[in-house]
Amino acid sequence: MSAGTPATTAGGAVPVGPGPQPAYRVQTQPAPGSCHFRYADGHQPLPDASCTPGASNPKVTQSDLGTTICRAGYSSGIRPPTDITEREKTANAKSYGYTGSLHDAEYDHLVSLELGGDPNDARNLWVEPPSPDHKPGSGPDNDKDAVESTLHSAVCDHKATLAAAQHAIATNWTTAEAVLGLKQKK
């Protein structure tokens, strides 16, 4: 599958997850070795679209942005606890055959919480290897984080719709800003 292949359903919408839960449980991950990283220009890591197509939170809609993702503190209030995500991260690393340092990899929401991504749907989480310019041992620091912030601002400032931002980041986070007209194509 090429880096530009959509990671969404036939209609273009990101799959819908169950949304925030009163108590999270460890989610079953894809079988070990069944997922394969893709790489965009600049060797930026992308998830396997068949394992990690993304998943949206059904409780976040275009009409309620002000009380959900555009409200300060929203993401921290729905984030699963680390005792859940650390076990998932270890299992997901096996799914992807990732053998690098887990200290430097991020267990990442493909559609970030700040873009209305599902907090704990396995389809929305992947072990994101560090970006190519990452200093080993310095912990997670990925270029995708800046893209998430730019898209979040665009959605909250009504420069992009929630659905368009979710689709763009799930398809290929490295081109999401350009696809939404937020950054000039190189």
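Structure: see above.
Here's a quick rundown of the structure. This structure is a prediction, so every number in the text was calculated from the model and none was measured.

Turning next to the overall build of the chain. Secondary structure assignment for the chain yields 5 helices and 4 strands. The globule rule puts the C-alpha radius of gyration for 186 residues at 16 Å, and the 15 Å found for the chain is close to it. On the principal axes, the C-alpha backbone points of the chain span a range of 45 × 40 × 35 Å. Relative to its 186 residues, the chain shows a buried fraction of 51%. Residue pairs at least 24 apart in sequence account for 74% of intrachain contacts in the chain once pairs closer than 6 positions are excluded. Approximately 8800 Å² of the chain is accessible, and the part contributed by carbon and sulfur atoms is 54%. Looking at charge distribution, the chain has the averaged site of its 15 positive side-chain charges lying 2 Å from that of its 20 negative ones.

On the secondary structure map, Val147 appears in helix H3 (residues 144–156). Overall, the relative accessible area of 7% leaves Val147 in the buried class. With 30 residues separating them in the primary sequence, Val147 and Glu177 have C-alpha atoms 7.0 Å apart.

What follows is about the pairing of strand S4 (residues 125–128). Where burial is concerned, the two faces of S4 agree: the one with Leu125 and Val127 and the one with Trp126 and Glu128 are both buried. Inspection of the sheet shows strand S3 (residues 106–109) paired to S4 by 4 bridges, in the antiparallel sense. Across the sheet, residue Asp108 finds its bridge partner in S4, namely Trp126.

For the rest of this paragraph, the subject is unusual backbone geometry. Although it is not a glycine, His43 adopts a positive phi angle of roughly 60°. Tracing the chain through its elements places His43 in the loop between strand S1 (38–39) and strand S2 (45–46). Within the chain, His158 stands out as a residue other than glycine whose phi angle is a positive 60°. Mapped onto the elements of the fold, His158 is located in the loop between H3 and helix H4 (162–171). With a relative accessible area of 62%, His158 lands in the exposed category.

Another point: the nonpolar core. In this structure, Ile69, Leu115, Leu151, Val155 and Ile169 are the most contacted members of the largest nonpolar core, which totals 38 residues. If you list the elements that add at least two residues to this core, you get helix H1 (74–78), helix H2 (82–96), S4, H3 and H4. The element that contributes the greatest number of residues to this core is H4, accounting for 5 residues. Sequence-distant contacts of Val155, that is, excluding residues within four places in its chain, are made with Leu65, Ile69, Leu115, Ala160, Thr161, Leu162 and Ala165.

What counts and what doesn't
- In this convention, every chain numbers its residues from 1, walking through the sequence in written order.
- At least 70 in pLDDT is required for a residue's local features to be given in this predicted model, at least 80 for side-chain atom pairs to be given and counted, and no such filter applies to totals for whole chains, interfaces and linings, which use all residues.
- The basis for the side-chain values is all heavy atoms of the structure; hydrogens and waters are excluded.
- Under the scheme used here, helices are H or I runs from DSSP no shorter than 4 residues and strands are E runs no shorter than 2 residues, and both carry numbers assigned from the N terminus.
- In this treatment the radius of gyration is a C-alpha quantity, and the globule benchmark scales as 2.2 Å times the residue count to the 0.38 power.
- Each residue is placed in one exposure class: buried if its accessible area under a 1.4 Å probe, protein chains only, is under 20% of its type's maximum, exposed if it is over 50%, and partly exposed if it falls in between.
- By definition, residues are in contact when any of their heavy atoms lie within 4.5 Å.
- The protein chains shown are the only cover counted for residues, whose accessible areas, like all others here, come from Shrake-Rupley with a 1.4 Å probe.
- Residues counted as positive are Lys and Arg, residues counted as negative are Asp and Glu, and His and the chain ends are not counted.
- Positions of charges follow a simple convention, taking NZ of Lys, CZ of Arg, CG of Asp or CD of Glu.
- When DSSP finds two or more bridges between a pair of strands, those strands are recorded as paired.
- Nine residue types can take part in a nonpolar core, namely buried Ala, Val, Leu, Ile, Met, Phe, Trp, Tyr and Cys, and a core is a set of them joined through side-chain atoms within 4.5 Å.

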